[in-house]
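# Per-entry structural report
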Amino acid sequence: MSGPPRLRSLNIADTESRPVFGPAGNKARPADVRKPATKPLKKADKPSQEMEKKALAHSPPSPQSVKLPKILRQQQELHRALHNSSMNASCSSDASSSDSSHSGRAVRRGVVPLRRKQEGLKMGKSEKVEIESVSVVKVGSNGVNADSDDCFESKKRCAWITPNTDQCYVAFHDEEWGVPVHDDKKLFELLSLTGALAELTWPTILSKRSLFREVFLDFDPSAVSKLNEKKTVAPGNPASSLLSELKLRAIIENARQTCKVIEEFGSFNKYIWSFVNYKPIASQFRYPRQVPVKTPKADFISKDMVRRGFRSVGPTVIYTFMQVAGLTNDHLVGCFRFQECLTAAEAGEKDNAAKSKIEAKTPDDQPI
């Protein structure tokens, strides 16, 4: 029984290119049969290939066959052609026009560097103006002029005073710290402020110094001793914004004890300076690490004041008070204030000696 009729493909090349598999395996056809089949193929393919080429030549190019780099190259070639044509047109002009065009180009080439130079000069001027403005703002914010900066650099201070230190503390170091003090009000003020160091720093205390003096009545011991503690430490009182209740009560109590000392010794100055034999101690330290936090002398004074009823007068507070009030000269030897404080101490000793002579003079020594 025969199967369905086989349809032979009209494309002879397809049948010849595929391998033929038979029942006995893959066998090649005899050479005499294959040769005549291949020759007509070549002849048949040639007209078909020529027809395809002609059709492609006459048909418009499809968008898929066009590539982007080819378009870019065509555009570049077009620009070059236009540029060359313009150059040829300019070269074909007369001599006058060529001379004028060359001079114009030269002027343009010369203008570009000139503009760049002008812009550079403008930028330089603007940068200078900005730098000057910044420096002026800095001077205004710190409140220090150029002369003071030069003065700061020319004077050698203690190592703990740096260019970044607050100006109020620098002024305190240059004018008050280490200068011998003999006024009772000033001594009581310095004692109260050094006691406040347990909660505040020197720059903060000095910035609020006017408020301290207003709250504590210019640190008059007799006036401060009469203050009402409950009203002073009340939340609405300005004093409550300065220190804690414990420190505020300590200042009022120290004012009372200072009044008792004045009654006993005649002045708080005599009492406190008697511990150093009425002469400042010149420490002559060379390095900050040599400056102590407390000394046996400060410990002795602290114990005596605690025994009398003073508060917040530990050895560290008392030694800081001695440094500020000039009982000890702890300026470093290289600091310009060291010698000045020594000179001020010598002048104070002479004044005290003259006063003691006047007080020691009796009525019998006076002429009749």
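Look above for the structure.
Residues numbered from 1 in each chain as written. Predicted model: local features only at pLDDT ≥ 70, side-chain atom pairs only at ≥ 80, totals over all residues. Heavy atoms only, no water.

Helices and strands together make up the secondary structure of the protein, namely 16 helices and 4 strands. Residues classed as buried in the protein amount to 26% of the 368 residues present. Sequence-distant contacts, at least 24 apart, represent 68% of the contacts inside the protein between residues at least 6 apart. (Helix = DSSP H or I, 4+ residues; strand = E, 2+ residues; numbered from the N terminus. Buried < 20%, exposed > 50% of the residue type's maximum accessible area, 1.4 Å probe, protein only. Contact = heavy atoms within 4.5 Å.)

Relative to the assigned elements, G314 resides in the loop between α14 (296–308) and α15 (315–325). Note on G314: relative accessible area 27%, which makes it partly exposed. Sequence-wise, G314 and A298 are 16 residues apart; in three dimensions their C-alpha atoms are separated by 8.5 Å.

For the structure on display, the rule yields 2 cavities of 30 Å³ or more. Roughly 80 Å³ of internal volume is contained in the largest cavity. Around the largest cavity, the lining residues are L191, S192, G195, A196, L243, K247, A250, I251, N254, R311, S312 and V313. When contributions to the lining of the largest cavity are tallied by element, the ones reaching two or more residues are α7 (184–195) and α12 (245–265). Element by element, the count of residues in the lining of the largest cavity is highest for α12, at 4 residues. By residue class, the composition of the lining of the largest cavity is 6 nonpolar, 4 polar and 2 charged. Size it by volume and the second largest cavity reaches roughly 40 Å³. Taken together, G178, P180, P280, G326, N329, C341, L342 and A345 form the lining of the second largest cavity. With 3 residues, the single largest contributor to the lining of the second largest cavity is helix α16 (residues 336–360). When grouped by side-chain class, the residues that make up the lining of the second largest cavity number 5 nonpolar, 3 polar and no charged. (1 Å grid on protein atoms, 1.4 Å probe; cavity = no way out; pocket = protein on both sides within 12 Å on 5 of 7 lines; lining within 4 Å. Points joined across faces, edges and corners; volume = space filled by probe spheres on them. Nonpolar A, V, L, I, M, F, W, Y, C, P; charged D, E, K, R; others polar.)

Axes are the key here: two packed helices are described by the angle between their axes and the distance separating the axes. Taken N-terminus to C-terminus, the directions of α7 and α15 make an angle of 135 degrees; their axes are 9 Å apart at the nearest point. The angle between α7 and α15 falls in the class oblique. The handedness of the crossing between α7 and α15 comes out as right-handed. Of the residues in α15, those in contact with L187, L190, L191, T194 and G195 of α7 are V317, I318, T320, F321, V324 and A325. When grouped by side-chain class, the residues that make up the contact of α7 with α15 number 8 nonpolar, 3 polar and no charged. (Axes fitted to C-alpha atoms, helices over the stretch in contact; angles between N-to-C directions. Parallel < 35°, antiparallel > 145°, perpendicular 65-115°, else oblique. Left-handed = near helix turned anticlockwise from the far one by under 90°.)

Turning our attention to α7. Taking 1.5 Å of rise per residue, the 12 residues of α7 would be expected to cover 16 Å, and the 17 Å separating its terminal C-alpha atoms lies within 8% of that figure. Within α7, 10 of the 12 residues are buried, which leaves it mostly tucked inside the rest of the structure. Turning to α7, its buried residues are D184, L187, F188, E189, L190, L191, S192, L193, T194 and G195. Its side-chain oxygen 3.3 Å from the backbone nitrogen of K185, D183 forms the N-cap of α7. (Expected span 1.5 Å × (residues − 1). Polar contact = N/O pair within 3.5 Å; in protein donor to acceptor, adjacent residues only side chain to side chain.)

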